[in-house]
Amino acid sequence: MHADIEQILISRADLQRRVVSLAEEIQADYGPSGPEGAGEITLVPIMTGSLIFVADLIRHLPWRMQVHLISASSYGGKATVSSGEVRIEAREPAAAEALADRHVLLVDDVLDSGSTLRRLTDWVLQRGAASVRTCVLLRKQIPSAMAFPVHYVGFDIPDAFVVGYGLDYDGYYRNLPEVVTLKHEALCS
Ligand code: 5GP
Ligand code: MG
């Protein structure tokens with residue numbers, strides 16, 4: 001697995017530091033004097049890429065919260081570009097109903113074309129959420145991503161296909177502790 005790494009883009013230490021400061025940004029907005037003023041949020045992590053990010057993030061958000069997993073897929077298997085079509089699936093039967101009147105924070109691994117977060121924002125609002133905000137660990141420095149009105153961004157990265165810290169290629173590499181690019185050979189095999 002490590003032999004497949006081309007470049008480490010974000011180190012373990014930088015990931016940990018940024019997760020803490022992102023949690024501070026989120027707390028400032030959702031606390032009693034913030035714009036959402038909610039005091040309680042419902043986190044909706046988009047599986048499976050945000051698995052590790054969200055596990056780290058919620059341990060720095062010390063209030064009552066519910067977490068409801070949702071699946072969205074646009075990259076199938078060995079693709080390294082989005083198919084553009086987004087399939088949505090609530091992971092627990094009650095998840096869709098649990099969002100009514102809640103302040104929802106959608107959490108995704110990476111913002112690329114924006115179609116996943118756009119579809120999911122609509123999906124959450126259709127289920128009667130009181131508000132919806134979006135948080136991504138990574139945002140690609142491409143026009144579609146930079147133009148998307150996301151509320152919280154961990155890191156802006158170059159337009160490359162990345163894996164690690166939850167992100168996969170064909171189901172692999174999620175357990176790498178850093179965000180990395182892969183060698184060309186690893187992407188073709
Ligand atoms: P969008 O809908 O914004 O085009 O793409 C977002 C989704 O595509 C993410 O949730 C993620 O699953 C996948 N994705 C986009 N870029 C990358 C990437 O560089 N690496 C990996 N592993 N997945 C990506
Ligand atoms: Mg995803």
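Residues numbered from 1 in each chain as written. Chains lettered and ligands numbered in written order. Predicted model: local features only at pLDDT ≥ 70, side-chain atom pairs only at ≥ 80, totals over all residues. Heavy atoms only, no water.

**A word on the side chain of Asp108**
Now for step 1: Relative to the helices and strands, Asp108 resides in strand 6 (residues 103–111).
Now for step 2: One buried charged residue, Asp108, forms no salt bridge at all, with the nearest opposite charge on Arg174 at 9.0 Å. (Helix = DSSP H or I, 4+ residues; strand = E, 2+ residues; numbered from the N terminus. Buried < 20%, exposed > 50% of the residue type's maximum accessible area, 1.4 Å probe, protein only. Lys, Arg positive; Asp, Glu negative; His and termini not counted. Salt bridge = Lys/Arg side-chain N within 4 Å of Asp/Glu carboxyl O.)

**Focus on helix 2 (residues 51–58)**
Now for step 1: Listing the buried residues of helix 2 in full gives Phe53, Val54, Asp56 and Leu57. Considered in projection along helix 2, the buried side chains sweep an arc of 165° and stay on one side of the axis.
Now for step 2: Its buried side turned inward, helix 2 meets helix 1 (12–30), strand 2 (41–47), strand 6 and strand 7 (131–140). (Arc of directions from axis to C-beta. Contact = heavy atoms within 4.5 Å.)

**Describing the site of ligand 1**
Now for step 1: Inspection of the region around ligand 1 gives 18 residues, with Ser113, Gly114, Thr116, Val162 and Asp168 positioned closest.
Now for step 2: At a separation of 2.5 Å, an oxygen atom of ligand 1 approaches a polar side-chain atom of Ser113.
Now for step 3: In the environment of ligand 1, an oxygen atom lies 2.7 Å from a nitrogen or oxygen atom belonging to the backbone of Gly114.
Now for step 4: For ligand 1, whose accessible area on its own is 510 Å², the fraction buried by protein is 92%.
Now for step 5: Looking at the shell around ligand 1, the element that brings in the most residues is strand 6, giving 4 residues.
Now for step 6: Of the residues in the shell around ligand 1, the class split is 7 nonpolar, 6 polar and 5 charged. (Near = heavy atom within 4 Å. Polar contact = N/O pair within 3.5 Å; in protein donor to acceptor, adjacent residues only side chain to side chain. Areas by Shrake-Rupley, 256 points an atom, 1.4 Å probe, with all protein chains shown as cover. Nonpolar A, V, L, I, M, F, W, Y, C, P; charged D, E, K, R; others polar.)

**A look at the nonpolar core**
Now for step 1: Core analysis: the largest hydrophobic core is formed by 26 residues, its most contacted members being Ile26, Phe53, Leu57, Leu105, Cys135 and Leu138.
Now for step 2: Among the elements of the structure, helix 1, strand 2, helix 2, strand 6, strand 7 and strand 8 (152–157) are those that each provide at least two residues to this core.
Now for step 3: Sort the elements by how many residues they give to this core and helix 1 lands first, with 6 residues.
Now for step 4: Sequence-distant contacts of Leu138, defined by excluding residues within four places in its chain, comprise Ile10, Asp109, Val110, Leu111, Phe155, Ile157, Val162, Leu167 and Val179.
Now for step 5: Residues Ile70, Leu117, Leu120 and Val136 belong to the second largest nonpolar core, which totals 22 residues. (Core = buried A, V, L, I, M, F, W, Y, C linked by side-chain atoms within 4.5 Å.)

**Some points on the packing of aromatic side chains**
Now for step 1: All chains considered together, the criterion is met by 1 aromatic pair.
Now for step 2: Here the aromatic rings of Phe161 and Tyr169 are separated by 5.9 Å at their centres, their planes lie at 80°, and the arrangement is edge-to-face. Across this residue pair, the class does not change: Phe161 and Tyr169 are buried. (Phe/Tyr/Trp six-rings, centres within 6.5 Å; stacked < 30°, edge-to-face > 60°.)

**A look at unusual backbone geometry**
Now for step 1: The omega torsion across Met47 and Thr48 is 0°, close enough to zero to call that bond cis.
Now for step 2: Tracing the backbone through its elements, the reader meets Thr48 in the loop between strand 2 and helix 2.
Now for step 3: Here the phi dihedral of Asp101 falls at roughly 65°; this positive angle occurs in a residue that is not glycine.
Now for step 4: One can find Asp101 in the loop between strand 5 (87–90) and strand 6.
Now for step 5: With a relative accessible area of 65%, Asp101 lands in the exposed category.

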